There are 2 protein chains.
Amino acid sequence: MSKSPQAQTRPGYHHGDLRAQLIAAVRDLVETHGPEGFSVAEAARRAGVSSAAPYKHFKDRPELLRAVVSEAMDRLHAAMARGAAAHAPGSLEAIAAIGMAYVDFARGEPGVFRLVFGLTEGHEEDAELIEKGESCLGVVVQAVAVRMGLAPDHATVARKAYMLWAFVHGHSFLTIDMKNKDMGTDTDDWTYLLEISRAVLGPG
Amino acid sequence: MSKSPQAQTRPGYHHGDLRAQLIAAVRDLVETHGPEGFSVAEAARRAGVSSAAPYKHFKDRPELLRAVVSEAMDRLHAAMARGAAAHAPGSLEAIAAIGMAYVDFARGEPGVFRLVFGLTEGHEEDAELIEKGESCLGVVVQAVAVRMGLAPDHATVARKAYMLWAFVHGHSFLTIDMKNKDMGTDTDDWTYLLEISRAVLGPG
DNA sequence: AGCAAAAAGTAAGTGCCGCTTACACTGGAG
DNA sequence: CTCCAGTGTAAGCGGCACTTACTTTTTGCT
């Protein structure tokens, strides 16, 4: 029995794997108190360390947030890929499923979703995050390319994929913004996604 | 010659119309330093008053931001209505012009645009803001209803209008997020908007 | 094994911010 | 003229981001 309450998986260095614990704490805080109502100090408190400890792992607050965003984008990308793989390649259902994964992510963790986009805490200059964003778009592009029987770098493919992405992106934000409003069930999402895919790509 | 540097238009009460000056200062700050890099204290400094003065006009920071958002939504609504009025009612061009006004607003003042949406500083519980948001959507609904020859409260009209709004909303965010990227000219916007309108509503 | 250095933590301090309290001025109504 | 509501200030509280100086633990070199 270790006497420290942390030290989950890592037998690592000194106390526990603080870096991972901080990221987890931030995720939780952002989800419960919103992206604004979070502080490095509170995250440190939750991890059971002093308020200066986080700065051994992250240069400053934006860097910590960027780490959370990076991890979130990995999960988003994985979810989108899973959605695509669950249906016949190039089918409308596959494309709608990619969008559904996106919307599900936003509904499931709206705070983190807002953090990934929304904020301008400097992650538009982070090459790694930009690459991950393009990688997510790539899932859509790939599916559209298959459906249209064109190369993924074809201009029309990029155009259609962007239009689908913009709709899904906007729909995700509107969904988490008006949580109290009428429209918002999962099945509504699905019919929207099928309809927009059909409208943009033509029937199948 | 008044010795105080403020007191622009109002000979009003005591010093100047501080309320309006604060809103203007916040708009400027949000635009130049981003929605996060703004403070009530700095806004007060710009208006030439003490850091406690704003609290005579606004209960707290969120209320000040909500005032900025409210004013911004008025301008957004006016711009959308202007866009609609500039073309034949029910034309694809009218509908695209509404979307164009939306995107133009986002491009023109991305900081304020992010403030209006994005943030959760409590304005999802503000009845006035909710009403103004619905009023903006109403412009789209009205135009779609005219085009489809249906009543504005018809379910299909609401559905199509929502789909168009979601696209425009997402496109606006993506546009201001990747300011460095390739796609982003005004004419690109216009062709996108015409294409999505045609895809959703059918050719005309 | 032994030890120097690096990694990972703490305590305390600085300056800014949000917000409150107590007080001062100003202008208009009675 | 006086009082008072409206509008401003000064000063202070607690919290946060971040730094500096210091301690402790892990690691890697010989």
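Scroll up to find the structure this text is about.
Residues numbered from 1 in each chain as written. Chains lettered and ligands numbered in written order. Predicted model: local features only at pLDDT ≥ 70, side-chain atom pairs only at ≥ 80, totals over all residues. Heavy atoms only, no water.

## Focus on the side chain of A:Glu109
Part 1 of the argument: Considering the arrangement of structural elements, one finds A:Glu109 in the loop between helix H4 (92–108) and helix H5 (110–116).
Part 2 of the argument: Residue A:Glu109 is classed as buried on the basis of its relative accessible area, which comes to 12%. (Helix = DSSP H or I, 4+ residues; strand = E, 2+ residues; numbered from the N terminus. Buried < 20%, exposed > 50% of the residue type's maximum accessible area, 1.4 Å probe, protein only.)

## Notes on the interface of chain B and chain A
Part 1 of the argument: Across the contact, 35 residues belong to chain B and 37 residues belong to chain A.
Part 2 of the argument: Around 3,300 Å² of area is buried between chain B and chain A when both sides are counted, 60% of it from carbon and sulfur atoms.
Part 3 of the argument: When residues of chain B are sorted by the area they lose upon contact with chain A, B:Arg159, B:Tyr162 and B:Leu174 head the list and together hold 20% of the total.
Part 4 of the argument: For the interface between chain B and chain A, the tally reads four salt bridges.
Part 5 of the argument: The interface formed by chain B and chain A includes eight residue pairs in polar contact (both at pLDDT 80 or more).
Part 6 of the argument: Elements that contribute at least two residues to the side of chain B that touches chain A include exactly helix H7 (155–177) and helix H8 (186–201) of chain B.
Part 7 of the argument: Per-element accounting of the side of chain B that touches chain A gives the leading share, 14 residues, to H7(B).
Part 8 of the argument: Tallied by class, residues from the side of chain B that touches chain A come to 16 nonpolar, eight polar and eleven charged. (Contact = heavy atoms within 4.5 Å. Buried area = accessible area lost by both parts, 1.4 Å probe. Salt bridge = Lys/Arg side-chain N within 4 Å of Asp/Glu carboxyl O. Polar contact = N/O pair within 3.5 Å; in protein donor to acceptor, adjacent residues only side chain to side chain. Nonpolar A, V, L, I, M, F, W, Y, C, P; charged D, E, K, R; others polar.)

## Topic: the side chain of B:Lys132
Residues and elements named next belong to chain B.
Part 1 of the argument: Mapping Lys132 onto the fold places it in helix H6 (residues 127–148).
Part 2 of the argument: Lys132 sits in the buried class, given a relative accessible area of 17%.
Part 3 of the argument: Side-chain polar atoms of Lys132 contact the side chain of Asp74, separated by 3.0 Å.
Part 4 of the argument: The contact partners of Lys132, leaving out residues within four places of it in the chain, are Ser70, Met73 and Asp74.

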